[in-house]
Amino acid sequence: MSVIEKIFTAENLLYMLKGAGFSLLIAVCALIGGSVLGLLAATLKMSKHKLPKIIANIYVEVIRGTPMMVQLLIMSMVIFANSRNFTMVGALALGINSGAYVSEIIRGGLMAVDPGQMEAGRSLGLNYMTTMVVIIIPQAIRAVLPALGNEFIVLLKDTSLITVIGGKELLYAAQGIMNRTYEPMFPLLGVAATYLVLVMLFSALLAKFERRLAQSDRR
């Protein structure tokens, strides 16, 4: 049996397909978690009170100022040292990391909303938080959706990092094939090609979505 026949078996292809599915699931979970954290951090950073601003600023600066690989190792070897669910630990670490970047995306969207909207809400008797949730945030989310789409694409590629802590995703699947076949080239090329196809697909969907938003804004 040739090397190609050993690698491109139905079992190996299914293994790679499952790995790609895990990568997509991890990216989606990380983006959802990161969006929640980012929205919270952005809201706190725009608060008029000092303590919430300080907490949000520390979170953003620490996460953005340290490598994601180090954060993954701290999460897996220190904070969740007794856990064996490395895939979920990796997804959690990616979500926390993403939250710091999403917070700046959302903060930019919040700052782009006309300040008169906040004044209008307060004049109606709404408090700061209610005005943010009911009036300001819905307008900001619409403006930052394309940027969140780009963040998802970045997260999708970054899922390959969690294989370092033993998380199951696309690269982990390729490593399993390499360990069985002792052939690194084709599995790694397959990983690269799969990521490339997924990124191109989501980039095309994102571009179409942005065009739809631009058309609706012109109406």
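Provided above is the structure to which this section pertains.
An account of the accompanying structure is given in this report. (Residues numbered from 1 in each chain as written. Predicted model: local features only at pLDDT ≥ 70, side-chain atom pairs only at ≥ 80, totals over all residues. Heavy atoms only, no water.)

1. A short note on helix α7 (residues 128-158)
Its 31 residues give α7 an end-to-end C-alpha distance of only 36 Å, which falls more than 12% under 45 Å, the value for a rise of 1.5 Å per residue. Largest kink in α7: about 50 degrees, centred on Val144, with the proline Pro146 one to four residues after it. (Helix = DSSP H or I, 4+ residues; strand = E, 2+ residues; numbered from the N terminus. Expected span 1.5 Å × (residues − 1). Bend = angle between axes of the 7 residues up to and from the residue.)

2. Here we look at the packing of helix α6 (residues 115-123) against α7
Running from amino to carboxyl end, α6 crosses α7 at an angle of 140 degrees, the nearest separation of the two axes being 9 Å. Judged by the inter-axis angle, α6 sits oblique to α7. For the crossing formed where α6 meets α7, the hand is right-handed. Judged by residue contacts, Gln117, Met118, Gly121 and Arg122 of α6 engage Tyr128, Thr131, Met132, Ile135, Ile136 and Gln139 from α7. Looking at the contact of α6 with α7 residue by residue, the classes come out as 5 nonpolar, 4 polar and 1 charged. (Axes fitted to C-alpha atoms, helices over the stretch in contact; angles between N-to-C directions. Parallel < 35°, antiparallel > 145°, perpendicular 65-115°, else oblique. Left-handed = near helix turned anticlockwise from the far one by under 90°. Contact = heavy atoms within 4.5 Å. Nonpolar A, V, L, I, M, F, W, Y, C, P; charged D, E, K, R; others polar.)

3. With respect to the side chain of Glu151
Counting through the fold element by element, Glu151 comes out in helix α7. No salt bridge is formed by the buried Glu151. Its closest oppositely charged neighbour is Arg64, at 9.6 Å. Only 2.9 Å separates the side chain of Glu151 from the side chain of Ser98, close enough to count as a polar contact. Apart from the residues lying within four places of it in its own chain, the contact partners of Glu151 are Leu31, Ser98, Tyr101 and Val102. (Buried < 20%, exposed > 50% of the residue type's maximum accessible area, 1.4 Å probe, protein only. Lys, Arg positive; Asp, Glu negative; His and termini not counted. Salt bridge = Lys/Arg side-chain N within 4 Å of Asp/Glu carboxyl O. Polar contact = N/O pair within 3.5 Å; in protein donor to acceptor, adjacent residues only side chain to side chain.)

4. What about the side chain of Thr181?
With respect to the secondary-structure elements, Thr181 resides in helix α8 (residues 170-181). On the basis of relative accessible area, Thr181 is assigned to the buried category, the value being 10%. Among the polar contacts made by the side chain of Thr181, one reaches the main-chain carbonyl oxygen of Ile177 at a distance of 2.8 Å.

5. Observations regarding the packing of aromatic side chains
This model, assessed by the stated rule, comprises 1 aromatic pair. Ring geometry for Phe152 against Phe202: centres 5.1 Å apart, planes inclined by 75 degrees, an arrangement best described as edge-to-face. Of this pair, Phe152 sits in helix α7 while Phe202 sits in helix α9 (residues 185-218), and the two are 50 residues apart along the sequence. For Phe152, a relative accessible area of 11% translates into the label buried. By relative accessible area, which is 23% here, Phe202 ends up partly exposed. (Phe/Tyr/Trp six-rings, centres within 6.5 Å; stacked < 30°, edge-to-face > 60°.)

6. Points about the environment of Ile96
Position of Ile96 relative to the elements: it lies in helix α5 (residues 86-112). Through-space distance from the C-alpha of Ile96 to that of Gly33 is 7.2 Å; in sequence the pair is 63 residues apart. Excluding its chain neighbours within four sequence positions, the residues that come into contact with Ile96 are Leu37, Tyr59, Ile63 and Met75.

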